[in-house]
Amino acid sequence: MAEQHHGSELDQAGQTRRRRAGIAAFLTGLLVALGFFAFFPGLPHVIDAGAVIASLAVGGLARWTCQRRMSRAAGK
């Protein structure tokens with residue numbers, strides 16, 4: 001019984017770690033994409049709705065990639 005409890009604590013710690021890493025990856029992707037649209041030479045240097053949507057998509061892709069890599073590493 002105690003072995004099952006200990007296993008669930010480890011699983012919960014792994015889920016917490018994955019959640020935090022996913023949040024960090026999302027925010028990093030979002031900020032990098034917004035920075036690209038704000039400072040890349042040749043762009044109008046205006047953050048419009050399209051840039052925000054694209055940045056959210058990049059952040060979501062970064063989060064998904066991070067979650068996938070972490071789950072594959074945990075499986076090994």
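Residues numbered from 1 in each chain as written. Predicted model: local features only at pLDDT ≥ 70, side-chain atom pairs only at ≥ 80, totals over all residues. Heavy atoms only, no water.

**Brief notes about the overall build of the protein chain**
No. 1: A tally of regular secondary structure across the protein chain gives two helices and zero strands.
No. 2: Classification of the 76 residues of the protein chain by burial places 16% in the buried group.
No. 3: Sequence separation of 24 or more characterises 65% of the internal contacts of the protein chain that already satisfy a separation of 6 or more.
No. 4: When the accessible area of the protein chain is evaluated, it comes to approximately 5,900 Å², of which 65% is carbon and sulfur surface. (Helix = DSSP H or I, 4+ residues; strand = E, 2+ residues; numbered from the N terminus. Buried < 20%, exposed > 50% of the residue type's maximum accessible area, 1.4 Å probe, protein only. Contact = heavy atoms within 4.5 Å. Areas by Shrake-Rupley, 256 points an atom, 1.4 Å probe, with all protein chains shown as cover.)

**Some words on the packing of aromatic side chains**
No. 1: Under the criterion given, the structure shown has two aromatic pairs.
No. 2: Ring geometry for Phe36 and Phe37: centres 5.5 Å apart, planes at 70°, overall edge-to-face.
No. 3: We classify Phe36 as partly exposed; its relative accessible area is 40%.
No. 4: Note on Phe36 and Phe40: the rings are 4.7 Å apart at their centroids and 40° apart in plane angle, and the pair reads as tilted.
No. 5: Assessed through its relative accessible area of 41%, Phe40 is described here as partly exposed.
No. 6: An aromatic cluster is defined as three or more aromatic residues linked by ring pairs; in this entry it consists of Phe36, Phe37 and Phe40. (Phe/Tyr/Trp six-rings, centres within 6.5 Å; stacked < 30°, edge-to-face > 60°.)

**Comments concerning the environment of Gly60**
No. 1: Along the chain, Gly60 turns up in helix H2 (residues 49-75).
No. 2: For Gly60 and Ala25, which are 35 residues apart along the polypeptide, the C-alpha to C-alpha distance reads 8.4 Å.

**Regarding the side chain of Gln67**
No. 1: Tracing the sequence through the fold places Gln67 in helix H2.
No. 2: When its relative accessible area of 11% is taken as the criterion, Gln67 is described as buried.
No. 3: With near-sequence residues (within four places) excluded, Gln67 lies in contact with Arg18, Arg19 and Gly22.

**Looking at a nonpolar patch on the surface**
No. 1: On the surface, Ile47, Val52 and Leu56 cluster together to form a nonpolar patch covering roughly 220 Å² of accessible area.
No. 2: Within the element layout of this structure, Ile47 appears in the loop between helix H1 (2-39) and H2. (Patch = residues over 30% accessible without salt bridge, like charges linked within 9 Å, V, L, I, M, F, W, Y side chains within 5 Å. Salt bridge = Lys/Arg side-chain N within 4 Å of Asp/Glu carboxyl O.)

**Examining the side chain of Ser55**
No. 1: Positionally, Ser55 belongs in helix H2.
No. 2: Non-local contacts of Ser55, meaning those with residues more than four positions away in its chain, are made with Gly29, Leu30, Ala33, Leu34 and Phe37.

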